[in-house]
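# What the coordinates show
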Amino acid sequence: MEPINKIESVLTPLDKNNVDTDQIISKEFLKRIERTGFGKYLFYHWRFNADGTKNEDFVMNDPRFDGSTILVAHENFGCGSSREHAPWAILDYGFRVVIAPSFADIFYNNCFKNGILPITLSVAEIDEFLRKGKEAPYTLTVSLEDQTVAGEDGSVYDFDIDPYYKKMLLNGWDEISLTFQYEDKISEYEQKHA
Amino acid sequence: MAKTIIEKIWDEHIVYEEKGKPDLLYIDLHLIHEVTSPQAFEGLRLANRKVRRPDLCFATMDHNVPTKNLPVINDPIAKKQITTLAKNCEEFGVQLADMQHPDQGIVHIIGPELGLTQPGKTIVCGDSHTSTHGAFGAIAFGIGTSEVEHVLSTQTLWQGKPKTMEIRVTGKIGFGVTAKDIILAIISKFGIGVGTGHIVEYTGEAIRGLTMEERMTICNMSIEAGAKAGLIGPDETTINYLRGRRYAPQGEEFEAAAERWLALNTDEGATYDQVLEIHADEIEPFVTWGTNPSMGSGISSTIPTTADYVSETDKSALRSAMEYMGLEEGMALTDIEIQHAFIGSCTNARLSDLEAAANIVKGKHVHPTVTAIVVPGSRTVKKQAEDIGLDKIFTDAGFDWRESGCSMCLAMNDDVVPAGERCASTSNRNFEGRQGAGSRTHLVSPSMAAAAALHGHFVDVRKIEATVQI
Ligand code: SF4
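Residues numbered from 1 in each chain as written. Chains lettered and ligands numbered in written order. Predicted model: local features only at pLDDT ≥ 70, side-chain atom pairs only at ≥ 80, totals over all residues. Heavy atoms only, no water.

Attention now goes to the pattern of salt bridges. Applying the stated rule across the entire model yields 37 salt bridges over all chains. The closest approach of N and O atoms between A:Glu183 and B:Arg52, which form a salt bridge, is 3.2 Å. Of the two residues, A:Glu183 sits in helix α8 (residues 183-192) while B:Arg52 sits in the loop between α2 (38-46) and β4 (57-60), which places them in two different chains. Judged by relative accessible area, which is 35%, A:Glu183 ranks as partly exposed. The closest approach of N and O atoms between A:Glu190 and B:Arg53, which form a salt bridge, is 3.2 Å. Within this pair, whereas A:Glu190 is found in helix α8, its partner B:Arg53 is found in the loop between α2 and β4, the two belonging to separate chains. (Salt bridge = Lys/Arg side-chain N within 4 Å of Asp/Glu carboxyl O. Helix = DSSP H or I, 4+ residues; strand = E, 2+ residues; numbered from the N terminus. Buried < 20%, exposed > 50% of the residue type's maximum accessible area, 1.4 Å probe, protein only.)

What follows is the structure, given as structure tokens:
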């Protein structure tokens, strides 16, 4: 997993609440056998019209947001099915940070298992980001170390994060690398029970 | 301190513990199938990791495999998942019973059959019905794809200690009542969420009297009661089942193991976080009439009416189930007509299940409006059944006799119940669309499914059995 600390990027303003995992990655794309490659299906039914052409009205099709790594949305992001394909699609598309006033539990935890930083800010702060981000490309600087999000006009906001998860993301540890730190304990167990 | 079997097995498997963190738990057996494993193997490949203990893994193909015209697979996606599993197993050195291997079968049927499933083990699989293996006195539970990868590379999992629950089934079950009816009755009585956060131990006279195959049926559906896992303490029945199985210890080693296994049982005076009780003599052959496994009743009763419920949520759940199922509140269960019968799945596709169904259909014929199939749970079960002529009994009666796999339990292959049609099914889930978009599932025991296939509607199997020479 790629470590995360400072991320500086134009934000992508997704002005929606209750974005569920079905919308993030629709069921017809779940049969792939890889964990990668889901990016092109992210928000598929929003990004593309029924005839397969681009939906020019959808924010992610606006070239000003190309290459953005920070997604900002409203409440209850990631609700619905537990499919791990949802964070896989978000990461594969290129996002590393998702900012919302609240997240669904399973999705929130799945983010950490996949190297995505979910940040919770207040409704007022998010509303402000979305307003500015829609008016003109607006750059945010996220520092996980300091637990801050800074706007390009100098406003700075603090966020909370569980220290265990923070450490995992800062070091780029996935849970497996973390467990590898206990390898001697595992070997010891195996020897004792051989 | 007196401990339950659940705590004994758990504590025995802790590799590392620290306050404020989940326990790092060692996994003794990792079962693998084609649908939930590809991304986990890919994860290993990307991170340049290997499988820590390939000798503790066992893979098979069950969810996608066709049940006729083997080895032709029409669905290209299914085919890709199957060839991918074969490739992954080869690359990582994991033992595989592939589609045409004599050991192939539904993963939860072959584990016990081969003697891989043993008392005291921790067993996981990327599949929620892993709870089946608890029948042997093991802690067995389903996991997600990231966790499959975690187990592959570390042979461990971080797990918070679950709460314990005893479900005691007192007394003896009556004539014509099966293990399937016991577990359906438990879920109907206590609800689909009752086991949430718990590992359940099933106890009581009625449980002790069950064979291993029947115990597996009970533990299989623990997950439908919301439990993380369900288990039954090992006894002579368990030991006798395992003796001589291929992957079980052999000779003197087996006798020593048997002694250890018996000592796992819950100590006198140990306490559970919760205890529930049900009397076996209140259990009838069961039929589900709704869209989750708790929506079921004894065959001699009727579907409830909204007047039977107090809360608006329950009333509206009944209404929407009736709408999806195309049924009326208050209807007699014996008036429900079926178009399909499916005898199969990890709940009820072992030899004794097929025998029970064969006893009902012998010398009779499937109702003209019903399509009926039998899908043995494994190639071994299929062969055993053929050796004693069950296939002939079924085909003479108008059933289709198929190759083993998950089949119509989840309809990922070609075995699908068409929209709006109704199936008497020996599987474990009756969710909307489970057996195909718009399909309507009624969960029953093998003998009840067989009887419904003959009559075209549900019948009380106790009344037919009285007229049959078994
Ligand atoms: S038979 Fe059904 S429940 Fe059992 S493993 Fe297969 S799909 Fe799952």
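Still to come is the rest of the account.
Attention now moves to the interface of chain B and chain A. If you look at the interface, chain B gives 32 residues, while chain A gives 26 residues. A combined buried area of about 2700 Å² lies between chain B and chain A, and 57% of that area is made up of carbon and sulfur atoms. Summed over the three residues of chain B that lose the most area to chain A, namely B:Gln39, B:Arg49 and B:Arg52, the buried surface amounts to 22% of that side. The interface formed by chain B and chain A includes five salt bridges. B:Glu149 is the salt-bridge partner of A:Arg35, the closest N and O atoms lying 2.3 Å from each other. The tally of links between chain B and chain A comes to 17 residue pairs in polar contact (both at pLDDT 80 or more). At the level of elements, β1 (14-16), β2 (23-26), α2, α3 (76-92), α5 (145-154) and β8 (156-159) of chain B are the ones that each hand at least two residues to the side of chain B that touches chain A. Tallying contributions element by element places α5(B) first for the side of chain B that touches chain A, with seven residues. For the side of chain B that touches chain A, the residue count by class is 11 nonpolar, 10 polar and 11 charged. (Contact = heavy atoms within 4.5 Å. Buried area = accessible area lost by both parts, 1.4 Å probe. Polar contact = N/O pair within 3.5 Å; in protein donor to acceptor, adjacent residues only side chain to side chain. Nonpolar A, V, L, I, M, F, W, Y, C, P; charged D, E, K, R; others polar.)

Next up on the list: the confidence of the model for chain B. In this model, chain B carries a mean pLDDT of 95, and residues with pLDDT of at least 70 account for 99%. For this predicted complex, the interface confidence comes out at an ipTM of 0.91, alongside a pTM of 0.85. (pLDDT = per-residue confidence, 0-100.)

Right, let's talk about the packing of aromatic side chains for a bit. Under the criterion given, the structure shown has 25 aromatic pairs over all chains. A centroid spacing of 4.8 Å and a plane angle of 40° characterise the contact between A:Tyr44 and A:Phe48, whose relative ring orientation is tilted. You can call A:Tyr44 partly exposed: its relative accessible area is 26%. Among the aromatic side chains, those forming a connected cluster through ring pairs are A:Phe77, A:Phe103, A:Phe107, A:Tyr108, A:Phe112, A:Tyr164 and A:Tyr165. Directly above the aromatic system of A:Trp46 lies the positively charged group of A:Lys16, at a separation of 4.4 Å from the ring centroid. Directly above the ring of B:Tyr241 sits B:Arg245, whose terminal nitrogen or CZ lies 3.8 Å from the centroid. (Phe/Tyr/Trp six-rings, centres within 6.5 Å; stacked < 30°, edge-to-face > 60°. Lys NZ or Arg CZ within 6 Å of the ring centre and 35° of its normal.)

So, about the sheet that holds strand β5 (residues 95-97) of chain B. Residues and elements named next belong to chain B. Overall, parallel pairing links the five strands, which are arranged β5-β4-β3-β6-β7 in an open sheet. Each end of this open sheet is capped by a strand with a single partner; those strands are β5 and β7 (139-142). Across the sheet, the mean angle from the axis of one strand to that of its neighbour is 20°, orientation sign disregarded. Note that strand β3 (residues 29-32) and strand β6 (residues 122-125) share three bridges and pair parallel. When the sheet's bridge partners are listed, Leu31 is paired in β6 with Cys125. (Pairing = 2+ DSSP bridges. Axes fitted to C-alpha atoms, helices over the stretch in contact; angles between N-to-C directions.)

So, about the layout of surface pockets. For the second largest pocket, the calculated volume is near 980 Å³. Lining the second largest pocket are 29 residues, and of these A:His193, B:Asp28, B:Gln118, B:Lys121 and B:Arg260 sit closest to its centre. Looking at the lining of the second largest pocket, the elements that each hand over two or more residues are α8 of chain A together with β4 and α10 (251-262) of chain B. Here the element with the most residues in the lining of the second largest pocket is α10(B); it accounts for four residues. Counted by class, the lining of the second largest pocket contains 16 nonpolar, five polar and eight charged residues. (1 Å grid on protein atoms, 1.4 Å probe; cavity = no way out; pocket = protein on both sides within 12 Å on 5 of 7 lines; lining within 4 Å. Points joined across faces, edges and corners; volume = space filled by probe spheres on them.)

Here the focus is the packing of helix α6 (residues 179-190) of chain B against helix α8 (residues 212-220) of chain B. Residues and elements named next belong to chain B. Their axes nearest at 8 Å, the elements α6 and α8 cross at an angle of 20°. With respect to each other, α6 and α8 are oriented roughly parallel. In the packing of α6 onto α8, the handedness of the crossing is right-handed. On α8, the residues that touch Ala179, Lys180, Ile182 and Ile183 of α6 are Glu214, Thr217 and Ile218. In terms of residue class, the contact of α6 with α8 is made up of four nonpolar, one polar and two charged. (Parallel < 35°, antiparallel > 145°, perpendicular 65-115°, else oblique. Left-handed = near helix turned anticlockwise from the far one by under 90°.)

Before going further, it helps to spend a moment on the sheet that holds strand β1 (residues 6-14) of chain A. Residue and element names in this part refer to chain A. Spatial strand order, β4-β3-β2-β1-β5-β6-β7: seven strands in an open sheet with mixed pairing. Two strands in the sheet have a free side with no partner beyond their single neighbour: β4 (117-120) and β7 (156-158). If you compare each strand with its neighbour and ignore which way they point, the axes differ by 25° on average. Of the pairings in the sheet, the one linking strand β2 (residues 70-73) to strand β3 (residues 97-100) comprises three bridges and is parallel in character. The residue bridging Ile70 from the neighbouring strand is Val97, located in β3.

Near the ligand, the surroundings consist of B:His63, B:Ile106, B:His108, B:Asp127, B:His129, B:Ser345, B:Cys346, B:Cys406, B:Cys409, B:Leu410, B:Asn428 and B:Arg434. Residues that form the shell around the ligand fall into these classes: five nonpolar, five polar and two charged. (Near = heavy atom within 4 Å.)

All names here are of chain A. For Ile24, the location among the structural elements is in helix α1 (residues 21-24). Its relative accessible area of 0% is what places Ile24 among the buried residues. Along the primary structure Ile24 and Ser155 are separated by 131 residues, whereas in three dimensions their C-alpha atoms are 30 Å apart. Contact partners of Ile24, with chain neighbours within four places excluded, come to Val19, Tyr41, Leu42, Phe43, Phe77, Gly78, Ala86, Ile90 and Phe107.

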